[in-house]
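So the chains spell out like this:
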Amino acid sequence: MDELLQFLIAGLKNGSIYALVALGFTIVFAATGAINFAQGEFFMLGGMLGVFFAGLGLPLPMAAVAAIAATAAIGAVFELLAVRPIKGGDPLRIIMVTIGGSVLLRQMALHLFGPDELPLDPFTEGPSLKLLGAAVERQTLWIWALTGLAVVALALLYRRTTFGRAMRATSIQRDAARLVGVNARAMVTASFALAAALGAVAGLAVAPLTQASFHVGAGMGVKGFAAAILGGLGSPVAAVGGGLLLGLLESLTAGYIDPLYKDAVALVVLLVVLFVRPQGLFGGSGRVKM
Amino acid sequence: MTEAGVLLELDGVHAGYGRAAVLHGIDLTVAEGELVAVIGANGAGKSTLLKAIVGLVGVSAGTVAYRGAPVGAARPERLVRDGLALVPEGRLLFGPMTVSENLALGAYGAGRKRKAATAEALARVHALFPVLEERAAQPAETLSGGEQQMLAVGRALMSQPSLLLLDEPSLGLAPRVIAEIFAALDELRAGGLTILLVEQDARLALRHADRGYVMRTGRVVLEGPSADLLADESVQTIYLGTWQAEGDDR
Ligand SMILES: Nc1ncnc2c1ncn2[C@@H]1O[C@H](COP(=O)(O)OP(=O)(O)O)[C@@H](O)[C@H]1O
Ligand SMILES: [Mg+2]
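Please read these numbers as outputs of a predicted model, since none were measured by experiment.

Draft legend 1. Just the packing of helix α1 (residues 2–32) of chain A against helix α10 (residues 236–256) of chain A, in detail. One can describe the packing of α1(A) onto α10(A) by two numbers: an axis separation of 6 Å at closest approach and a directional angle of 145°. Crossing geometry of α1(A) relative to α10(A) is assigned as right-handed.

And the structure:
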């Protein structure tokens, strides 16, 4: 029982991270109809830039904000330079460009920050907390809190702000959005910035547990993509559901079968979903609904 | 029609999709306060004409001038600020969003001065189509066809345009609903709004319009006051013929 609880906690911890990355996939998919395979690199940049800004002497909260803002800016610039020039916004070409872009971002991080794994302080120091007999690291609570905050902020953005409504409108019906005055291209740029910021939050939150490194983007990209596909790429809620579920599946597999299989779970999930239920668990209509 | 009163002027407009040319030199004017109809068979290029005016398709030759100034390569998101609104073919509503969200988005790109009057614009839309107020919290995609068309018109009106372009507002609707929508157009028109109406239903359009243009394969083949077009023999045989044969009376 205690063992199960421990697995569930670990699963929900990793699952929250996957959820944030999956949200990034979903947001860009809604705006462009394409998968952004550089999404994992935004996760990597969040951790690396967090370490970088902390190394400059910034207090941790400020370093975190700076890292998120810088990653969002990189996401926007990435869209402006690599995605916007693509004629007609052909999703297949966007996908190829993001694959190339992911390699570029990884190499740039390697050159700027070096090949080492870099530590980041936990957001709060102190021993693990006890929850119903199971140990919960303080950083795990931060991960949950930040994920929850990001999801609520995103929901408020989409539901309550004019800007968020314009983003949704553009993804639902691009021409009509333009006709009411929405700058559809700017919305695509904004979606990359938003996706990058969410990836950065995930990378920052997990860095104190795993350390930051230039090469973690690709692996996280696969996990986040699997989570997004599992959810169905249809809505933010589905992305979060897919992320949490993938985290739990991994953790239970590692705990009850063999830790060696942990990283295979995402690939198995990806293949099974694509073969059996391509619309994902929570995707019904096959249409993006933000 | 005085030159000063011209709101929209097309001069030799060519447009199309990529290499497929659809419009071959369209000349057309709409004066302030007019209701002008463009009629023609399916595929004549009526929708392309409206898209060219708002910049959804590129104009390859000729000019589109709005209020005397060429709109050039202006994009639709800019034109709405200057008072041009299109109710597109097929309505293109934001289906999963509520009626009130759709209407709110209609005012998104209106100029700053007009935006300040958004509440009044909403009140006017609700007065014109009371059903939209009743259905405010409902997703647009759950409305009936007629209600969806009313929402599409209402959304366009939220930007408080000076010139309203409509693409086949009657398409697929029951006669009673069509009558309601055209009554609304007449009312808007009486309130001073200038309207360019594209319709396949020639008789319906010409009954409400001051003037009309008849299009065929990307060209204007006939133009004149509505009464003349309705009486014109070629228009009667080609565009009104089936209508009379059916003996339908809307
Ligand atoms: N998106 C498009 N791409 C290529 N050709 C198109 C497109 N839309 C319309 N056309 C073509 O342009 C011509 C005119 O179409 P349209 O303007 O929609 O006519 P109408 O509105 O009068 O029925 C048709 O031959 C049609 O096939
Ligand atoms: Mg048409």
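What follows continues from the structure just given.
Draft legend 2. Region of the structure containing the pairing of strand β10 (residues 219–225) of chain B. Residues and elements named next belong to chain B. With 6 bridges connecting them, strand β9 (residues 211–216) and β10 associate as antiparallel partners. Residue pairing across strands places Arg211 opposite Pro225, the latter belonging to β10. The antiparallel pairing of β9 with β10 creates a hairpin that spans 2 residues between the two strands, and Thr217 there sits at a positive phi of about 40°.

Draft legend 3. Broad picture of the sheet that holds strand β4 (residues 59–66) of chain B. Residue and element names in this part refer to chain B. One open sheet accounts for 4 strands, arranged β2-β1-β4-β5; its pairing is antiparallel. In this open sheet, the two strands that pair with only one neighbour each are β2 (20–31) and β5 (69–70). Bridge analysis of strand β1 (residues 6–17) against β4 gives 6 bridges, and the strand direction is antiparallel. By the bridge assignment for β4, Glu9 is matched with Ala65.

Draft legend 4. Focus on the coordination of the magnesium ion (ligand 2). Residues and elements named next belong to chain B. Coordination sphere of the magnesium ion (ligand 2), protein contribution only: Ser47 (OG) and Glu89 (OE), at 2.0 to 2.4 Å. Remark: Glu89 occurs in the loop between β6 (84–87) and α3 (99–106) and Ser47 occurs in helix α1 (residues 46–54); sequence separation between them is 42 residues. Judged by its relative accessible area of 14%, Ser47 is buried. Residue class for Glu89 comes out partly exposed when judged on its relative accessible area of 37%.

Draft legend 5. The sheet that holds strand β8 (residues 194–199) of chain B, seen in detail. Residue and element names in this part refer to chain B. An order of β6-β7-β8-β3-β9-β10 is seen for the 6 strands of this open sheet, with the pairing classed as mixed. At either margin of the open sheet sits one strand with a lone partner, and together these are β6 and β10. The mean angle between the axes of side-by-side strands here comes to 15°, regardless of whether they run parallel or antiparallel. Of the strand pairs in this sheet, strand β3 (residues 35–40) and β8 are connected by 5 bridges, and their pairing is parallel. Across the sheet, Ile39 pairs through a bridge with Glu199, a residue of β8. Across the sheet, helix α7 (residues 145–157) lies against β6 and β7 (163–167), angled at about 170° from β6, the strand it touches most.

Draft legend 6. Examining the packing of aromatic side chains more closely. In total, this model carries 8 aromatic pairs over all chains according to the counting rule given. Ring plane angle 85° and centroid distance 6.4 Å describe the contact between Phe42(A) and Phe78(A), whose orientation is recorded as edge-to-face. Of the two residues, Phe42(A) is situated in helix α2 (residues 39–55) and Phe78(A) in helix α3 (residues 60–83); the sequence distance between them amounts to 36 residues. Considered together, Phe42(A) and Phe78(A) belong to a single accessibility category, that of buried residues. The interplanar angle of 50° and the centroid separation of 6.1 Å between the aromatic rings of Phe78(A) and Phe192(A) together place this pair among those described as tilted. With Phe78(A) in helix α3 and Phe192(A) in helix α8 (residues 184–210), this pair connects stretches of sequence that are 114 residues apart. Across the pair, Phe192(A) and Phe78(A) agree in class, each one buried. Sitting above the plane of the Phe94(B) ring, Arg155(B) keeps its charged end 4.8 Å from the centroid.

Draft legend 7. Summary view of empty space enclosed by the protein. This structure, assessed with the given rule, holds 3 cavities of 30 Å³ or more. Within this model, the largest cavity holds a volume of roughly 80 Å³. The wall of the largest cavity is formed by 13 residues, among which Leu179(A), Val180(A), Leu86(B), Arg155(B) and Ala156(B) lie closest to the centre. Within the residue set of the lining of the largest cavity, elements represented by two or more residues are α7 (174–179) of chain A together with β6 and α7 of chain B.

Draft legend 8. Quick look at the packing of α2(A) against α3(A). Residues and elements named next belong to chain A. The geometry of α2 relative to α3 is characterised by a closest axis approach of 8 Å and an angle of 135° between their N-to-C directions. Between α2 and α3, the angle is such that the two are oblique. Seen along the crossing, α2 lies across α3 with a hand that is right-handed. Residues Phe42, Leu45, Gly46, Leu49, Gly50, Phe53 and Ala54 of α2 pack against Ala63, Ala66, Ala67, Ala70, Thr71, Ile74, Gly75 and Phe78 of α3. Taken together, the residues that form the contact of α2 with α3 break down as 11 nonpolar, 4 polar and no charged.

Draft legend 9. Examining the interface of chain B and chain A more closely. With 22 residues of chain B in contact, the opposing surface of chain A contributes 20 residues. Of the roughly 1,900 Å² buried between chain B and chain A on both sides combined, carbon and sulfur atoms contribute 66%. For the pair chain B and chain A, the number of links is 3 salt bridges. For Glu101(B), the salt bridge goes to Arg168(A), with nearest N and O atoms at 3.0 Å.

About the criteria used
- Residues numbered from 1 in each chain as written.
- Chains lettered and ligands numbered in written order.
- Predicted model: local features only at pLDDT ≥ 70, side-chain atom pairs only at ≥ 80, totals over all residues.
- Heavy atoms only, no water.
- Axes fitted to C-alpha atoms, helices over the stretch in contact; angles between N-to-C directions.
- Helix = DSSP H or I, 4+ residues; strand = E, 2+ residues; numbered from the N terminus.
- Left-handed = near helix turned anticlockwise from the far one by under 90°.
- Pairing = 2+ DSSP bridges.
- Donors = N, O, S within 2.8 Å, 3.2 Å for Na, K, Ca; no water.
- Buried < 20%, exposed > 50% of the residue type's maximum accessible area, 1.4 Å probe, protein only.
- Contact = heavy atoms within 4.5 Å.
- Phe/Tyr/Trp six-rings, centres within 6.5 Å; stacked < 30°, edge-to-face > 60°.
- Lys NZ or Arg CZ within 6 Å of the ring centre and 35° of its normal.
- 1 Å grid on protein atoms, 1.4 Å probe; cavity = no way out; pocket = protein on both sides within 12 Å on 5 of 7 lines; lining within 4 Å.
- Points joined across faces, edges and corners; volume = space filled by probe spheres on them.
- Parallel < 35°, antiparallel > 145°, perpendicular 65-115°, else oblique.
- Nonpolar A, V, L, I, M, F, W, Y, C, P; charged D, E, K, R; others polar.
- Buried area = accessible area lost by both parts, 1.4 Å probe.
- Salt bridge = Lys/Arg side-chain N within 4 Å of Asp/Glu carboxyl O.

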